[in-house]
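# What the coordinates show
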Amino acid sequence: MAGRINDDDVKAVRDAVPIDAVVSEYLQLRSAGGGNLKGLCPFHDEKSPSFQVSPGKGLFHCFGCQEGGDTIAFVMKIDHLSFSETVERLAAKAGITLRYEEGGYNPGHQRGERIRLIEAHKAAAQFYVEQLDGAEAEIGRAFLAERGFDQDAARHFGVGYSPAGWDHLTRYLRGKGFTDKELLVSGLAQESRRNPIDRFRGRLMWPIRDVGGDVVGFGARKLRDDDNGPKYLNTPETPIYKKSQVLYGIDLAKKDIAKSSRAVVVEGYTDVMACHLAGITTAIATCGTAFGGDHIKILRRLLMDNGSARVIFTFDGDAAGQKAALRAFEDDQKFAAETYIAIAPDGMDPCELRLAKGDEAVADLVEPRTPLFEFALRQIVGRYDLETPAGRAAALDEAAPIVARIKNVASQHEVAVQLAGMLGILDTQFVVKRVAQLARWARDRGGRGPAPARHAPSGEAAAAPVALSGPALNLRSPAHRTERELLKLALQYPALVSPAFDAYGADEFTAPPYAAVRRTIAEAGGAEQGVHDAAGYVARVRDAAPDDTVRALVTELAVEVIHGRTVDETYAGDHLVQVRLRAVDRRIRDVQGSLTRLGGQGDPERFAAVQNELWVLQQYAQSLRNRGADAL
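Okay, so let's go over this structure. Here the structure is a predicted model, which means the values were calculated and not measured.

The next point concerns the overall build of the chain. Along its length, the chain carries 27 helices and 16 strands. When each of the 632 residues of the chain is scored for burial, the buried share is 49%. A separation threshold of at least 6 residues defines the contact pool for the chain, and within that pool the share at least 24 residues apart is 66%. Roughly 29,500 Å² of accessible area belongs to the chain as shown, and the carbon and sulfur atoms make up 49% of that amount.

With that out of the way, let us pick up the sheet that holds strand β10 (residues 215–222). In sheet architecture, strand pairing relies on hydrogen bonds along the backbone and comes in two forms, parallel and antiparallel. Ordered by their spatial adjacency, four strands build an open sheet running β6-β9-β10-β11, and the pairing between neighbours is antiparallel. The sheet is open, and its two edges are formed by β6 (160–162) and β11 (232–234), each paired on a single side. On average, adjacent strands in this sheet sit at an angle of 35° to one another, irrespective of strand direction. Relative to β10, strand β9 (residues 203–209) runs antiparallel, the two being bridged by seven bridges. Paired with M205 across the strands is A220, a residue of β10. Where helix α5 (residues 113–131) meets the sheet, it contacts β6, β9 and β10, and its direction lies at approximately 35° from that of β10.

Moving on: the pairing of strand β2 (residues 36–39). As defined by bridge partners, strand β1 (residues 30–33) adjoins β2 across three bridges and the pair is classed as antiparallel. Across the sheet, the residue bridging to G33 is N36, located in β2. The turn linking β1 back onto β2 is made up of two residues, and G34 within it adopts a positive phi angle of 65°. Bridge analysis of β2 against strand β3 (residues 51–54) gives three bridges, and the strand direction is antiparallel. Along β3, the bridge assignment pairs L37 with V53.

Another aspect to go through is the side chain of T86. Within the secondary structure, T86 is located in helix α4 (residues 83–94). The class of T86 is buried, set by a relative accessible area of 0%. If near-sequence neighbours (up to four positions away) are discounted, T86 is found in contact with I72, V75, M76 and L81.

Here the focus is α5. In this model, α5 (19 residues) spans 27 Å end to end at C-alpha, consistent with the 27 Å of a helix rising 1.5 Å per residue. Residues of α5 that are buried include every one of R114, I115, R116, L117, I118, A120, H121, A123, A124, A125, F127 and Y128, and no others.

This next bit is on helix α8 (residues 168–175). Here α8 has its buried residues at L169, T170 and L173. All buried residues of α8 fall inside an arc of 100° around its axis, so they share one side. Structurally, α8 contributes buried residues whose contacts are with α5, α9 (180–186), β7 (189–190) and β8 (197–198). Within two residues after α8, G177 carries a phi angle of roughly 100°, on the positive side.

Here we come to the packing of aromatic side chains. In total, this model carries 17 aromatic pairs according to the counting rule given. Through successive ring pairs, a cluster of aromatic residues spans Y26, F43, F51, F60 and F74. Cation over ring: K77 sits above F43, and NZ or CZ is 5.7 Å from the ring centre. Over the ring of F430 we find R587, and its NZ or CZ is 4.2 Å from the ring centre.

Before going further, it helps to examine the pattern of salt bridges. For the coordinates displayed, the defined rule picks out 25 salt bridges. Across the salt bridge formed by R203 and D227, the nearest N and O atoms sit 3.1 Å from each other. Of this pair, R203 sits in strand β9 while D227 sits in the loop between β10 and β11, placing them 24 residues apart in sequence. Across the pair, exposure class does not vary: R203 and D227 are buried alike. Each of R89, D210 and D214 takes part in one network of salt bridges that share partners.

To continue, consider the packing of helix α3 (residues 71–79) against α4. Direction vectors running N to C along α3 and α4 enclose 110°, while the axes themselves pass 9 Å from each other. Between α3 and α4, the angle falls in the class roughly perpendicular. Taken as a pair, α3 and α4 cross one another with a handedness that is right-handed. Touching T71, I72, V75, M76 and D79 of α3 are F83, T86, V87, R89 and L90, all from α4.

A separate point is the nonpolar core. In a soluble, globular protein the nonpolar side chains are often hidden away together inside. Within the largest apolar cluster, 47 residues are counted, with the highest numbers of intra-cluster contacts made by V23, F51, F74, I250, I257, I284 and L299. A total of five residues in this core trace back to one element, the largest contributor, which is helix α12 (residues 293–303). Core analysis: the next-biggest nonpolar cluster, separate from the first, contains 44 residues, Y161, Y248, V264 and V362 among them.

Right, let's talk about the environment of D397 for a bit. Residue position: D397 is located in helix α17 (residues 389–404). Judged by its relative accessible area of 7%, D397 is buried. When the C-alpha atoms of D397 and E508 are compared, they prove to be 8.6 Å apart, with 111 residues separating the residues in sequence. Ignoring anything within four residues of it in the chain, the contact list for D397 reads G505, A506, D507 and R519. Within polar-contact distance, the side chain of D397 engages the backbone nitrogen of D507 at 2.7 Å.

This part takes up unusual backbone geometry. Put simply, S498 and P499 share a cis peptide bond, and its omega is 5°. Secondary-structure assignment places P499 in the loop between α21 (494–497) and α22 (512–523). The backbone of Q66 shows a phi angle near 70°, a positive value even though the residue is not glycine. With respect to the helices and strands, the residue Q66 is situated in the loop between β4 (59–62) and β5 (68–70). We note that S261 has phi near 55°; this positive angle belongs to a residue other than glycine. Structurally, S261 is set in the loop between α10 (250–260) and β12 (262–266).

This paragraph deals with the sheet that holds strand β13 (residues 283–285). With mixed pairing, five strands are arranged side by side in an open sheet as β13-β12-β14-β15-β16. Only two strands of the sheet have a single neighbouring strand rather than two, namely β13 and β16 (370–371). Examined bridge by bridge, strand β15 (residues 338–342) and β16 share two bridges and lie antiparallel to one another. Bridge pairing in β16 places Y340 opposite P371. Against the sheet, α10 engages β12 and β13, with an angle of about 130° to β13. The sheet strands contacting α12 are β12, β13 and β14 (310–314), and the helix crosses β12 at an angle near 155°.

A few words now on the environment of R625. As for its position among the elements, R625 is in helix α27 (residues 604–627). A C-alpha to C-alpha distance of 9.1 Å links R625 and Q578, two positions 47 residues apart in sequence. Leaving out residues up to four positions away in the same chain, R625 has contacts with L581 and D585.

Conventions and cut-offs
- Residues numbered from 1 in each chain as written.
- Predicted model: local features only at pLDDT ≥ 70, side-chain atom pairs only at ≥ 80, totals over all residues.
- Heavy atoms only, no water.
- Helix = DSSP H or I, 4+ residues; strand = E, 2+ residues; numbered from the N terminus.
- Buried < 20%, exposed > 50% of the residue type's maximum accessible area, 1.4 Å probe, protein only.
- Contact = heavy atoms within 4.5 Å.
- Areas by Shrake-Rupley, 256 points an atom, 1.4 Å probe, with all protein chains shown as cover.
- Pairing = 2+ DSSP bridges.
- Axes fitted to C-alpha atoms, helices over the stretch in contact; angles between N-to-C directions.
- Expected span 1.5 Å × (residues − 1).
- Arc of directions from axis to C-beta.
- Phe/Tyr/Trp six-rings, centres within 6.5 Å; stacked < 30°, edge-to-face > 60°.
- Lys NZ or Arg CZ within 6 Å of the ring centre and 35° of its normal.
- Salt bridge = Lys/Arg side-chain N within 4 Å of Asp/Glu carboxyl O.
- Parallel < 35°, antiparallel > 145°, perpendicular 65-115°, else oblique.
- Left-handed = near helix turned anticlockwise from the far one by under 90°.
- Core = buried A, V, L, I, M, F, W, Y, C linked by side-chain atoms within 4.5 Å.
- Polar contact = N/O pair within 3.5 Å; in protein donor to acceptor, adjacent residues only side chain to side chain.

See below:
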């Protein structure tokens, strides 16, 4: 190994690289007075900035988690580097040649692994850029031109081309002194029968950089029909590339994101290019994975969670794009920023939109209009028949827990009122109270009682399924016995209860453990999934369980004997009707209570509307009693 780095050189590195310049590559800093700067700590989650940097002293300190030190300590901590790797990295940025006490000047093979992998990627990126000018890369240049990108655009984003041969890059990097082991670990090469070969061949290449601007991976686009690989091929997970922790374009967008407190999240590399060229220089994209918690941490540090921060998601208008939007909403409350969704009316992505209608259309697309929560709720509500009380109840059951996750109480109340309007439920307070109840159960779950059976990381307890909170399970209760029997039927004989069962909401199961199982069956595709895939159905439901407790209950219900002497459609229908009828009767009692509260002094129109809802519910209940399963 290389010897100890010369002390004078270490000091020279500290002096040459200002701590505020380094820290600013990872988070937004603002004046804290007295010459100090402050920002959101990158080492723990916080809402208000307790992380301070003193440029004059060359130090940082977080008053929240007590992390602190100099520039070298900061880089070691945030990039998970050793002391020598950190000094080498900072020295390279400052143009300082390091000396070692034993063994002279910094030979390449003695440097830290991360530094070597970064250097290999830097050399590969330059190699790919040079190849884009060659005759073989004409197909790649044509691909870019067809999408409105000229040579200047390609250079700005570092787009390149990987030759179609087996080992062009591998031989090039070997000539630069990189070993086969380093090339394999980096993901730039892969094993073959004899020697390593290039991972990327005959493709258009986008370099993926981290927040600090280092190339850590590549995204490769298929160009030829005889290429049997996927449309996009990304670098595999390596010591320097974790797809859940990188955002394409973040190196170009970070300053404008911090300056404007605004970020635009798009789906692909060409979408980022189109947005930036259209003047939307805050655009970024994930790299072949869903937008998740680690991505949020990167953005939060740049946005600094101030009240005016905006995050706009753009997704394709197709089903996959809508699903991506709903996934993004799952993490919405980890932002303090307001989140919005932008979908072009004709379903075009930003790249297609720029090509068809120009830069102004792209700029107009990403103007915040539809809050992400509203889009997500409408997508959920749209799956139900809101003309029936049961449909409204089922939609409420799925949507209410989402609203309950909104942390700001005033915002939660406002969105709950909007949800009531979407559902057409006239008793707004019923929806507001339901949401508040779910939120309270979630808070209680996070603050008391035994931890979930699965060993969740710190901070996840509050996100545990609220379905297991509330009244305890009572097997002597007729309602609980009926609910248990219906779930057993859904797991063991799905064909007997489908499709009616799949329209039931978790709120129709009064026992919280059974509500959790109902929700888990829905997550696995519903009882209908068991009709089409009997062999793998229960395993699919078990896999969808949120924790070991629910998973164990699913297993128990899937093997427990059905009580009926004859298990047929009549038996299943009776249990479907009993569970639904009890739910309708509960709703009737709630609406009757609303009428009592309104009395004769309330709004006459509202009184009449609630009275009408009561009549509809009573008619439905009577129909269930008279017609049984035919009324479902």
